[in-house]
Structures are given as structure tokens and as C-alpha cells.
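So the chains spell out like this:
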Amino acid sequence: MHNSVDISIENFQQVILQESANKLVMVEFWAQGYEPSEQLAPVLQTIASKQGENLLHARVDCQAQPDITAQFGVQNLPTVMLIKDGQPVDGFAGVESEANIQAMLDKHLPKPEDELFAQATAMAEQANYQEAFTLVKQAFDLDPNRADIKLLLADCQVEVGQVNQAKELLATIGLVDQDGYYRAILGKIELAEQAAESPEIIALQQALENDPDNLALKVKLAVQMRQANQLEEALSLMHSVLLKDINFEDAKKLMLDMINALPDGEPLKSQYRRKVYSLLY
């Protein structure tokens, strides 16, 4: 197996210190001909084969490596230790079931949402909020209770125009997690709401109240709302135009452009794409 290694004095430092800085190292202390060791070994091999690059399965033959065994203070066989950053973080002695061992590993192995969150954070730092939204939304679907994931998702929601959704999500953040990042997102929401009350939008809304069937006014207002990140309102207006006249000026192209600009994973994207396609076909 590519993620299994036998520990000796020669590679001890590399495995225990260097490798454990990058991944979890599961150290198995065993003895040849000892039934409990032989019973546990295939279970550990099966588990390790499923973990890929996240886990290194390191085996210590206690008969051949008594110094290493003594250094770890191992007294019973088999013994399994989990090593991270050169330090034991968990373990057990004796024979355990695959389910119990996996449950122990799950507490220390990186979770899929961790990687998605890290990637989303990197995208957000580059102001690529559409890509960040798609990634952090996947992380949120996997773990909707993590405050750091919720905060990043709310930030991305503001940036892609989901201001109301961001406000709803921030309302679920507990006091202990209402840090500087939380307050910064609140500031972004306030700015977005102020932009939604621009003189241009207010003037167009008033004009539309006086002439509610004016399709050109609806298109102009939708464009202004899109620029102010009021996406749902903009799409609703454009859809109402297409319902009246599917070929009105460039309304169809504008709406498709608005839809295609939405990040993957945004419910509005699939919702309004279906609405447009139902009109077209």
C-alpha cells in the first residue's frame, strides 16, 4: 500500500516528525505470531487503504524495534497511536472493530467541508466571490452548523446579491461568534441596502407605479436593481417582461446574462433558468 510504512530507527524521524506535520500518522505496534496483533492488522490495513493521502499507516515490529517501542511506552500489544505534529493525539490498546477505529480517526482526519472551506476562503481572498460561493455552499450543505462556514457564506451572499439570505444567515450566528468578520459583513449589508435605495432606482420605481405596464421601464429598473445586487427583484421584473413579450427588445438576452452570471449552487440560477426555458420551449 502506498500509505503504509514500516518504522525503523533509520526512518523514525522522517515518519514521526516530518510526515505527521502534513498528515495523520496511525502507528501500529505489533508482534509476529501474536494472535491479537494478527487479528487487528488486516482491519488497520483496510481502513488505511480507504483514507488515501490523509493517513499514513506506520507499523512498528516490537520484536525488531524494542527501542522505539520503549520510547513510546508501549506495554500491551497490539497498541495503536495517532500522531499529529510529532505528538500522540489519540489511540487504543487491544483489538477494536473497524467501526470504532474509523470513529476515532474521524475526529482527527480532515473532513470534506474543511477542504471546501479552505478553497472558498482562498477564492474570497482573491475577490472571486462567485467561485467562493459555490465552494462554501457545498461546505455549508455538509455542515450547516459551523459558524466559520456560515460567516463566509453570508459574505459571499452579499457579494453575489443575496442580501436578504445573508441577513437571515447572520441571524443564526451566536454571540460568541459575532467577531470582527461578522461586523464587517453587517457593514457590507448596510451598504448594499443603501445602494438599493439610490435615486435612480427610486425614480424608476415611481415611474413604474404610474405606468405599471411599461416594459421598457421594467427592463431599466431590473438593470439598476441588478447593479445594486437586488438579484431576485431584478430577475422577477425581467421574467414579468418576458411573460408579456418574449421578444421585447433585448430583454431575453439581458435576463439570460443575469442568470448565467449567478454562481453555481445559487438556487435562483436553476429556478429562473427553468422559467426562461419554459417560455422558450
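Below, the structure is looked at part by part. Keep in mind that what you see is a predicted model, and the values were worked out from it rather than measured.

## Focus on the nonpolar core
Ranked by size, the top nonpolar core spans 28 residues in total, and within it Val136, Leu152, Cys156, Leu170, Ile185 and Ile189 carry the most contacts. Among the elements of the structure, α5 (112-125), α6 (129-142), α7 (147-160), α8 (163-170) and α9 (180-195) are those that each provide at least two residues to this core. Among the elements that line this core, the one with the most residues is α7, at eight residues. Each residue touching Ile185, except ones within four places of it in the same chain, is listed here: Leu151, Ala154, Asp155, Val158 and Leu170. Residues Ile201, Leu204, Leu208 and Met238 belong to the second largest nonpolar core, which totals 26 residues.

## Notes on the pattern of salt bridges
According to the stated counting rule, one finds 12 salt bridges in the structure shown. Here Asp85 ties to Lys84 by a salt bridge, and the two come within 3.9 Å at their closest N and O atoms. Of the residues examined, Lys84 reaches a relative accessible area of 27% and is grouped as partly exposed. The shortest N-O distance in the salt bridge between Asp141 and Lys137 comes to 3.0 Å. Taken together, the positions of Asp141 and Lys137, both in helix α6 and four residues apart, correspond to about one turn of that helix.

## What about α8?
All of the buried residues in α8 are Val163, Ala166, Leu169 and Leu170. The buried residues of α8 occupy an angular sector of 120° when the element is viewed end-on, so they sit on one face.

Reading the values: the criteria
Residues numbered from 1 in each chain as written. Predicted model: local features only at pLDDT ≥ 70, side-chain atom pairs only at ≥ 80, totals over all residues. Heavy atoms only, no water. Core = buried A, V, L, I, M, F, W, Y, C linked by side-chain atoms within 4.5 Å. Buried < 20%, exposed > 50% of the residue type's maximum accessible area, 1.4 Å probe, protein only. Helix = DSSP H or I, 4+ residues; strand = E, 2+ residues; numbered from the N terminus. Contact = heavy atoms within 4.5 Å. Salt bridge = Lys/Arg side-chain N within 4 Å of Asp/Glu carboxyl O. Arc of directions from axis to C-beta.

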